[in-house]
Amino acid sequence: MNKLSDRIRDALIDAAVILEEDVKSRIRWAREVEATVLGSEASLAVLDAILENLEIAEKTRVPMCQDTGLFLVFVDVGTESSLSLAETEEAIVQGCQQAVEVASYRRSVVTDPLFERKNTTNNLPPLIYW
């Protein structure tokens, strides 16, 4: 089970600091179009800041943006799985908790968003869809 929670942690850390190359290339493309066709200085400055932020995030392993910190997990478990559903859920929770501790996730999840709004301080529990 530790292997699964470690893989979940690593995937969540990577998701916070690395943007897929195809998305980055479209941002660079948009900057090129903006520079050659439209020429808006404000737009160029924003796109340059985004690209710089992405580079810094990957180099320093700091999240590229401040998201909600809420973990949404979709799980498909096959009949060949060696882990029970309870063990799988435990690994997911452990992986999420470790990612929050290691990756500077914004800790903004609250237990009751309508009334109490008490911060969980660890972004748990994750929302799991089986």
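Everything numeric in this text was worked out from a predicted model, so none of it was measured. (Residues numbered from 1 in each chain as written. Predicted model: local features only at pLDDT ≥ 70, side-chain atom pairs only at ≥ 80, totals over all residues. Heavy atoms only, no water.)

> Can you walk me through the overall build of the protein in this structure?
Scanning the protein from N- to C-terminus turns up 4 helices and 2 strands. For the protein, the sequential pattern of α-helices and β-strands runs α-α-α-β-α-β. Its C-alpha radius of gyration of 19 Å places the protein more than 25% over the 14 Å reference for a compact globule of 130 residues. Its C-alpha atoms put the protein at 55 × 40 × 25 Å along the principal axes. Expressed as a percentage of its 130 residues, the buried residues of the protein come to 28%. Partitioning the intrachain contacts of the protein with sequence separation of at least 6 by distance along the chain shows that 69% fall at a separation of at least 24. (Helix = DSSP H or I, 4+ residues; strand = E, 2+ residues; numbered from the N terminus. Rg over C-alpha atoms; globule rule 2.2 N^0.38 Å. Buried < 20%, exposed > 50% of the residue type's maximum accessible area, 1.4 Å probe, protein only. Contact = heavy atoms within 4.5 Å.)

> In this structure, what is going on with the nonpolar core? I would like to understand it.
One recurring pattern in soluble globular proteins: nonpolar side chains tend to sit buried together. Within the largest apolar cluster, 16 residues are counted, with the highest numbers of intra-cluster contacts made by L12, F71, I92, C96 and Y105. Among the elements of the structure, α1 (2-17) and α4 (85-102) are those that each provide at least two residues to this core. Sort the elements by how many residues they give to this core and α1 lands first, with 5 residues. The contacts of F71, once residues within four sequence positions are left out, are L12, C96, V100, Y105, N123, P126 and L127. (Core = buried A, V, L, I, M, F, W, Y, C linked by side-chain atoms within 4.5 Å.)

> Help me understand a nonpolar patch on the surface in this model?
There is a patch of nonpolar side chains on the surface, built from L70, L72, F74, L127 and Y129 and spanning about 530 Å² of accessible area. For the nonpolar patch, the secondary structure elements donating two or more residues are β1 (72-74) and β2 (127-129). Mapping L127 onto the fold places it in strand β2. (Patch = residues over 30% accessible without salt bridge, like charges linked within 9 Å, V, L, I, M, F, W, Y side chains within 5 Å. Areas by Shrake-Rupley, 256 points an atom, 1.4 Å probe, with all protein chains shown as cover. Salt bridge = Lys/Arg side-chain N within 4 Å of Asp/Glu carboxyl O.)

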